[in-house]
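# Results of the structural survey
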Number of protein chains: 2
Amino acid sequence: MFRAHCLLVALRRCSSAPCPRHPQVARLSVQEAQEAQELAGDVKVQGWVRSVRSHKEVLFLHINDGSSLANLQVVGDPTMENRDLTFGSAVEVQGKLIRSLHKKQNVELKAENIRVIGPCDNLKFPFKTRERHPLEYTRQFPHLRCRTNILSSLLRVRSEATAAIHSFFKDNGYVHIHTPIITSNDCEGAGELFQVRTSDKVPEPGENPHFFNVPAFLTVSGQLHLEVMAGAFTQVFTFGPTFRAENSQSRRHLAEFYMVEAEISFTESLQDIIQVMEDLFKAATSVVLSKCPQDVELFHKYVSPAQKGRLEQMLKNKFIIISYTEAVEILKQAPQTFVFQPEWGCDLQTEHEKYLVKHCGEVPVFVINYPYDLKPFYMRDNEDEPQRTVAAVDLLVPGIGELCGGSLREERLPFLQSRLERLGLAHAYQWYLDLRQFGSTPHGGFGMGFERYLQCVLGMENIKDVIPFPRFPHSCLL
Amino acid sequence: MFRAHCLLVALRRCSSAPCPRHPQVARLSVQEAQEAQELAGDVKVQGWVRSVRSHKEVLFLHINDGSSLANLQVVGDPTMENRDLTFGSAVEVQGKLIRSLHKKQNVELKAENIRVIGPCDNLKFPFKTRERHPLEYTRQFPHLRCRTNILSSLLRVRSEATAAIHSFFKDNGYVHIHTPIITSNDCEGAGELFQVRTSDKVPEPGENPHFFNVPAFLTVSGQLHLEVMAGAFTQVFTFGPTFRAENSQSRRHLAEFYMVEAEISFTESLQDIIQVMEDLFKAATSVVLSKCPQDVELFHKYVSPAQKGRLEQMLKNKFIIISYTEAVEILKQAPQTFVFQPEWGCDLQTEHEKYLVKHCGEVPVFVINYPYDLKPFYMRDNEDEPQRTVAAVDLLVPGIGELCGGSLREERLPFLQSRLERLGLAHAYQWYLDLRQFGSTPHGGFGMGFERYLQCVLGMENIKDVIPFPRFPHSCLL
């Protein structure tokens, strides 16, 4: 909708308002121009050409500036055509917004002047007008693929989802924390850590070879640092990059990916954590669906038609909760055979997770109370099954498998201490034990893989297509 | 203000609502309890003890849960005291909110039951009740210092400022981009880069020693990747960690710090970029001042009394703009002597920047049009002084010096190509040249150091005290 003060808004948005060379002209984004209901008089719109059609009496251009999926139709005089006016070129069009006779749009821009700002050599440009390029092909051009419809829609959705996640936590009283990227915590699964070094120079005798005096690594999770903060702010969250040096070429793994993590003090029940996970998923998804309907539709129409109905189901119904023990029973009774035989005490594989989701009707499923021996030292021993299960939860979703993982944390000093001692980690984690010595509280939290979240909402098969610059084994382009 | 639906809000906030053991009791945060105007009946409040005063007939507790700087006063019966009820312990108080007779607060909590959830051994706990600990001292305890007033206020301000910056860009139509942390761009100032490696194992003959096939580094700036995105979305921003392997122990440098960066297409004037920088500073600061008045006041009262008046001046007045050439003239005419003699063609040092800010009346100063030879290859050559100055801008602020740096980027293919060829970088930056070959637009952008921004707003001297977990040479605690 075009509000009465839209010109003002537009003028405020573009900082050099009005246009310095044409003070009577207002700059509008393509989206603002498309949405115009009142017609704004003389406007100037800039963007990239998506198509050129030249007829005997009229020239049609579609231009796009990334503000939305839809293009703005420009109608010009055939004399305005020139050989630089090609697909991909950057143009500035000055003219009048007029009511369109065509059903597809409210308005179009009647051009008075078209200026090519940056031409685009169509012989060398890797994308062609009105052609749908396979995602594998576009991946070769990380510096240009954001100009395709599918990647530009994806990145707009990613941006809205990011904002929605920040808002969800802020509105619920959480403090945002920047947990560190470089960390000296090296005890968890050291094989999958990236090391951070300064240079290859051999240290002088007596010189410490480490910039930080100790070996330093890229973070695999902000959880332990968030627990520090939950001891001061009660409810905290972080949303930042995490890293795995895993030699996996799967469609579900990246070496650099984003995690949303939350930690909540004064909670004694896994149900509390589960509720926040479900609320977060539903709140973020509702915002994305209402803010980017066109972008989401593109995916649900061309990429993953099954996803649309599924998403509506997910938002409408309460997520299902089953125990790990129940899950193993379901798997054992499954009519299908698995590569990995389901067995109590063994990790659930992706094939198992997908079966469980299907078994429950293609809805999100929380699996709780995993075997004690499968899970890391910080998870809370269940009082009714000591040393047999811990208060852990994974959220499995259709098409993806594991989306979130969380737990209550072991807040009882003697339990945690003896567990760390058995692992030989009590000294390295003295600071973590301190949190239990000074004003400890029952607490818990979870992490959600942001790229997997986007895959789930949009139905994207390959995780490399939901992040601007994917990093994975053998590839770090740009 | 306590709204009528506050109980509902509170019940929604804490996910296990109502309290499972006391279904008639609502959970409130300390801030909600403090703000209560209508009295909420039976409530339960959890937090950490900030002080205990036991009189003959009454027990006073102050508790805090990090939701605000202010504590909630709890009034109890002396029989409720026990030896675990000490400074730093975690408690749960059930009782009734009543109107307080004391002028300092609206309400207090009349305790019916006080339960110590997590005791705190005061002999070992590094902080003492009602004592102001020097910041150097608190820095030794990165896992506990967030429980001091100063650090908890700092982190609440940091969280609000983060949200305000995201909102500023979102409200102005920018798309948020996660620029990569690991990058193969190694050509700029390689000495200050951290390398990312997997392990120390010697590669097999014929095996590529690099996880990504190429050497990989931690990003020093998201700018070049943002330029990619500005070529699709017109207005983009990023807000993430950046890294320098600089061996500096200064109070202004960290090895890991946060940058806010924006990039704007279709702009031909440095003035456009300057306007966004000024708007961002003022918008974020206004939000922080209005959302965290108590927290900000703590700094302006105890840490940096001069800062309060300065900030008001900054927000009220237009920032000053001078050229680099004018700046050098001002410095040459200065009555004071500098360690580094000011000279046209030399970098401005921190001592120079501070003098310029003082000279202009302790207000923010934009310095524009720096010497061509001082600045990186991507900055745009000024048409009126070719190869003498570039369209660069730095924002200098009181107490800090450089807060932001920006420029117009060289969008003209021949200019950029010849510059990269002279530097021997044309091959490595072919992808960057591509951006100029395919629909290039005049564009520009800037980066703001987030920690320096916080130092500026709060008057904090040491950058190590405005980030949750500081990383610097010889130190990477936790």
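Given the structure is predicted, the values throughout are model-derived calculations rather than measurements.

## With respect to the packing of aromatic side chains
Taken as a whole and assessed by the stated rule, the structure comprises 54 aromatic pairs over all chains. Their ring planes at 85 degrees and their centres at 5.9 Å tell us that F125(A) and F127(A) sit as a pair that is edge-to-face. Assigned by exposure class, F125(A) and F127(A) land together as buried. With centroids separated by 5.1 Å and ring planes inclined at 85 degrees, the aromatic side chains of F194(A) and F211(B) adopt a geometry described as edge-to-face. Of this pair, F194(A) sits in the loop between strand 8 (182–183) and strand 9 (195–197) while F211(B) sits in the loop between strand 9 (195–197) and strand 10 (216–218), which puts the two residues in different chains. No difference in accessibility class separates F194(A) from F211(B), as the two residues are buried. Of the aromatic side chains, those joined through ring pairs into one cluster are F87(A), F125(A), F127(A), Y137(A), F141(A) and F438(B). Directly above the ring of Y302(B) sits R132(B), whose terminal nitrogen or CZ lies 4.1 Å from the centroid.

## Looking at the nonpolar core
It is characteristic of soluble globular proteins that their nonpolar side chains tend to be buried jointly. Within the largest apolar cluster, 250 residues are counted, with the highest numbers of intra-cluster contacts made by Y453(A) and Y453(B). When near neighbours in sequence (up to four residues on either side) are disregarded, Y453(A) contacts A161(A), F281(A), A284(A), T285(A), V288(A), L403(A) and M448(A). The next biggest cluster of nonpolar side chains, apart from the first, holds 23 residues, and it includes L28(B), L72(B), M80(B) and V116(B).

## Comments concerning unusual backbone geometry
Residues and elements named next belong to chain B. Despite not being glycine, F266 has its phi angle at roughly 60 degrees, a positive value. Positionally, F266 belongs in the loop between strand 12 (256–265) and helix 6 (270–291). Positive phi, normally seen in glycine, also occurs at H474, with a value near 75 degrees. With respect to the helices and strands, H474 occurs in the segment after helix 13 (450–458). A relative accessible area of 46% means that H474 is categorised as partly exposed.

## Quick look at the sheet that holds strand 9 of chain A
Read from one edge of the open sheet, six strands run 8(A)-10(A)-9(A)-9(B)-10(B)-8(B), paired in antiparallel fashion. The open sheet has two free edges, formed respectively by strand 8 of chain A together with strand 8 (182–183) of chain B, since each of these has just one partner strand. Taken together, the two bridges between strand 8 of chain A and strand 10 (residues 216–218) of chain A define a ladder with antiparallel strand orientation. Bridge pairing in strand 10 of chain A places T183(A) opposite F217(A).

## Some details on the side chain of E410(A)
Residue and element names in this part refer to chain A. Tracing the backbone shows E410 in the loop between strand 16 (401–408) and helix 11 (413–422). According to the relative accessible area criterion, E410 is buried, its value standing at 3%. Within polar-contact distance, the side chain of E410 engages the side chain of R412 at 2.7 Å.

## Topic: the interface of chain B and chain A
Taken together, the contact pairs 105 residues of chain B with 106 residues of chain A. The junction of chain B with chain A conceals about 8,800 Å² of combined surface from both sides, 60% of it contributed by carbon and sulfur atoms. When the buried surface of chain B facing chain A is broken down by residue, H178(B), F266(B) and F438(B) rank first, second and third, together holding 9% of it. On the surface where chain B and chain A come into contact, there are four salt bridges. Counting across the interface, chain B meets chain A through 40 residue pairs in polar contact (both at pLDDT 80 or more).

## Considering the pattern of salt bridges
Residues and elements named next belong to chain B. One pass over the full model with this rule turns up 46 salt bridges over all chains. Ionic pairing is found between E451 and R158, a salt bridge with its closest N-O pair at 2.9 Å. Here E451, found in helix 13, pairs with R158, found in helix 4 (residues 149–171); they are 293 residues apart in sequence, far enough to count as distant. Considered together, E451 and R158 belong to a single accessibility category, that of buried residues. Across the pair D394 and K375 runs a salt bridge, and its minimum N-O distance is 3.9 Å.

## A closer look at helix 8 (residues 306–316) of chain A
Residues three or four positions apart in an α-helix share a direction because the helix packs 3.6 residues into each turn. All names here are of chain A. Buried within helix 8 are the following residues: Q307, L311 and M314. Within helix 8, the buried residues cover an arc of 60 degrees as seen down the axis, which keeps them to one side. At its buried positions, helix 8 is contacted by helix 6 (270–291), helix 7 (293–302) and helix 13 (450–458).

## Overview of the side chain of S153(B)
Residues and elements named next belong to chain B. The topology assignment puts S153 in helix 4. Judged by relative accessible area, which is 0%, S153 ranks as buried. When neighbours within four sequence positions are excluded, S153 is seen to be in contact with L69, D295, L298 and F299.

## Some details on helix 6 of chain B
Taking 1.5 Å as the rise per residue, helix 6 of chain B with 22 residues should run 32 Å; its terminal C-alpha atoms sit 32 Å apart, in good agreement. The opening residue of helix 6 of chain B, the one whose side-chain oxygen lies 3.0 Å from the backbone nitrogen of Q271(B), is S269(B).

Calculation notes
- Residues numbered from 1 in each chain as written.
- Chains lettered and ligands numbered in written order.
- Predicted model: local features only at pLDDT ≥ 70, side-chain atom pairs only at ≥ 80, totals over all residues.
- Heavy atoms only, no water.
- Phe/Tyr/Trp six-rings, centres within 6.5 Å; stacked < 30°, edge-to-face > 60°.
- Buried < 20%, exposed > 50% of the residue type's maximum accessible area, 1.4 Å probe, protein only.
- Helix = DSSP H or I, 4+ residues; strand = E, 2+ residues; numbered from the N terminus.
- Lys NZ or Arg CZ within 6 Å of the ring centre and 35° of its normal.
- Core = buried A, V, L, I, M, F, W, Y, C linked by side-chain atoms within 4.5 Å.
- Contact = heavy atoms within 4.5 Å.
- Pairing = 2+ DSSP bridges.
- Polar contact = N/O pair within 3.5 Å; in protein donor to acceptor, adjacent residues only side chain to side chain.
- Buried area = accessible area lost by both parts, 1.4 Å probe.
- Salt bridge = Lys/Arg side-chain N within 4 Å of Asp/Glu carboxyl O.
- Arc of directions from axis to C-beta.
- Expected span 1.5 Å × (residues − 1).

From the geometry alone we can't say anything about function, so treat these as descriptive.
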